Amino acid sequence: MRTQRTIALALVSLGLSYPAQASVTAQHTYQKGWNLVAVPLDPENADPRVVFDELGTSLTIYDYVSGNYQSAQESFTPVMAGRGYWLLFSQATTISVTGTLRPLGTEHRIRIIPGWNFLGNPWRSPIAWADSRVSVSNGTTTVPLGDAVVQGWLDGEINAFDPATESMIAIPANGSGTLQQWAGYALFSNVNGELIFSAPPADTTPPHIEILSPPELFGDANELRTLTDVVGTAEDDNLVSWTLEMESAELGVARTLATGTTPVVSSVLSQLDPTLLL
């Protein structure tokens, strides 16, 4: 006799806030070749060989300190949010980093020196490269980004790197460009001072959470007889994590099917095996 189970599925635990001391694991996939990278959190272990352990002994990374490049084999500074690093990938690679998120409610300051500075977005939401989010201090005076450019404190552009074309992409001040998470940027300064990012605006946009298939999960057609993909969407600009749970209507016990820390859009979240419900 076949035993019938009626089940319910739901996407839950979609993190939308960043407690100052929250420890999370975040992931990002980089393209093959040289990449200018950054991490949007402070790693638990800031040794680059631990942060980028997916690369193993082939790790090739450079930091730019006081006008000189330093490799991981030298006196390498700890990896931290807000800094940019050159990293070489032999193939497309997903990096997974566990650490502490920077608080959303406070500004973030990055020290700059005359010459090239390599920096990154310390948060997991875009930063407008504009007066609305960026100001500059020369040690005694603080002015909006545009005024710092006019006064000659900074170059008028910050530069991203495209690994596909192996070329720099200029982002002008007060244009439409933004600094993205996981990307590093090169900025030329003529002063000793600080680059100041104002705190991110409040996130008022609700997350997009939806289970799209299989159709057996909807209405009265609730019988699953074969291994079945569960397809859905879990996305938000400030996504921390998502969890897909299955709950038996008969037993009332929830079981975790899958979790993730990166957005999923109209893709497979997990597979459901009806034999496990017997």
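Nothing here was measured: the structure is a model prediction, and the numbers come from that model.

A.B. asks: I'd like to hear about the overall build of the chain, residue by residue, with values.
C.D. replies: Assigned secondary structure in the chain consists of 2 helices and 23 strands. Counting over 278 residues, the chain shows a buried share of 44%. When contacts within the chain are restricted to residue pairs at least 6 apart in sequence, those whose partners lie at least 24 apart make up 72%.

A.B. asks: Break down the sheet that holds strand β18 (residues 193–197) for me, citing the residues and quoting the values.
C.D. replies: In space, the 4 strands of this open sheet follow the order β9-β18-β12-β13, with antiparallel pairing throughout. Across the chains shown, the open sheet's two edge strands, defined by having one partner strand only, are β9 (108–112) and β13 (142–144). Taken over all neighbouring pairs, the strand axes of this sheet differ in orientation by 25° on average, direction set aside. As defined by bridge partners, strand β12 (residues 134–137) adjoins β18 across 4 bridges and the pair is classed as antiparallel. When the bridges of β18 are listed, V136 appears paired with L195.

A.B. asks: Would you mind going over the pattern of salt bridges in detail, with residue names and values included?
C.D. replies: Evaluated as defined, the whole model comprises 5 salt bridges. In this structure, R83 and D63 form a salt bridge, with 2.8 Å as the shortest nitrogen-oxygen distance. Residue R83 is found in the loop between β6 (68–71) and β7 (85–89), and its partner D63 is found in strand β5 (residues 61–65); the two are separated by 20 residues along the sequence. On the accessibility criterion, D63 (0% relative accessible area) is buried. Between R109 and E194 there is a salt bridge, with its nearest N and O atoms 2.6 Å apart. Of the two residues, R109 is situated in strand β9 and E194 in strand β18; the sequence distance between them amounts to 85 residues. Salt bridges sharing common partners tie together E107, R109 and E194.

A.B. asks: Explain the pairing of strand β8 (residues 93–100) to me, using residue names and the numbers behind them.
C.D. replies: By the alternation rule, side chains of β8 split into T93, I95, V97 and G99, which are all buried, and T94, S96, T98 and T100, of which none is buried. Relative to β8, strand β2 (residues 23–30) runs antiparallel, the two sharing 8 bridges. Bridge pairing in β8 places Y30 opposite T93. As paired elements, strand β4 (residues 42–43) and β8 share 2 bridges and run antiparallel to each other. Counted as the bridge partner of P43 is G99 from β8.

A.B. asks: Explain the sheet that holds β5 to me, and be specific about the residues and the numbers.
C.D. replies: Picture the strands of a sheet paired through backbone hydrogen bonds; they go either parallel or antiparallel. One open sheet holds the 4 strands; their spatial order is β3-β7-β5-β6, and the pairing between them is antiparallel. Two strands in the sheet have a free side with no partner beyond their single neighbour: β3 (33–37) and β6. Across this sheet, the average inter-strand angle for adjacent strands is 25°, counted without regard to direction. Taken together, the 4 bridges between β5 and β6 define a ladder with antiparallel strand orientation. When the sheet's bridge partners are listed, Y64 is paired in β6 with Y69.

A.B. asks: Explain the nonpolar core to me, and be specific about the residues and the numbers.
C.D. replies: Of all hydrophobic cores here, the largest spans 22 residues; its most connected members are L119, W129, L154, L195 and F197. Contributions of two or more residues to this core are made by β9, β12, α2 (145–150), β14 (157–162), β17 (184–189) and β18. Judged by nonpolar contacts, the second largest core, of 21 residues, contains L59, V79, F89 and I95.

A.B. asks: Quick one: what's the story with unusual backbone geometry, residue by residue and with numbers?
C.D. replies: Although it is not a glycine, E166 sits at a positive phi angle of roughly 50°. Tracing the backbone shows E166 in the loop between β14 and β15 (167–172). Its relative accessible area of 61% is what places E166 among the exposed residues. Located in the positive-phi region is N174, a residue other than glycine, with phi close to 60°. Among the structural elements, N174 can be located in the loop between β15 and β16 (178–179). For N174, a relative accessible area of 41% translates into the label partly exposed.

Definitions and cut-offs
- Starting afresh in each chain, residues are numbered from 1 along the sequence in its written order.
- Totals for whole chains, interfaces and linings use every residue, but because this is a predicted model, local features are given only for residues with pLDDT of at least 70 and side-chain atom pairs only at 80 or more, for both listing and counting.
- Working from all heavy atoms in the structure, the side-chain values ignore hydrogens and water.
- Elements are defined by DSSP. Helices are runs of H or I of four residues or more, strands are runs of E of two residues or more, and each kind is numbered from the N terminus.
- Residue burial is assigned from relative accessible area. The probe radius is 1.4 Å, only protein chains are included, and a residue is buried under 20% of its type maximum, exposed over 50%, and partly exposed in between.
- Working rule for contacts: check all heavy atoms of both residues, and any pair within 4.5 Å makes them a contact.
- We call two strands paired when DSSP finds no fewer than two bridges between them.
- Axes, fitted as lines to C-alpha atoms, cover a helix only where it is in contact. Angles between the N-to-C directions of the axes lie from 0 to 180 degrees.
- Any carboxyl oxygen of Asp or Glu that lies within 4 Å of a side-chain nitrogen of Lys or Arg is treated as forming a salt bridge with it.
- Remark: nonpolar core denotes a set of buried residues (Ala, Val, Leu, Ile, Met, Phe, Trp, Tyr, Cys) joined through side-chain atoms within 4.5 Å.

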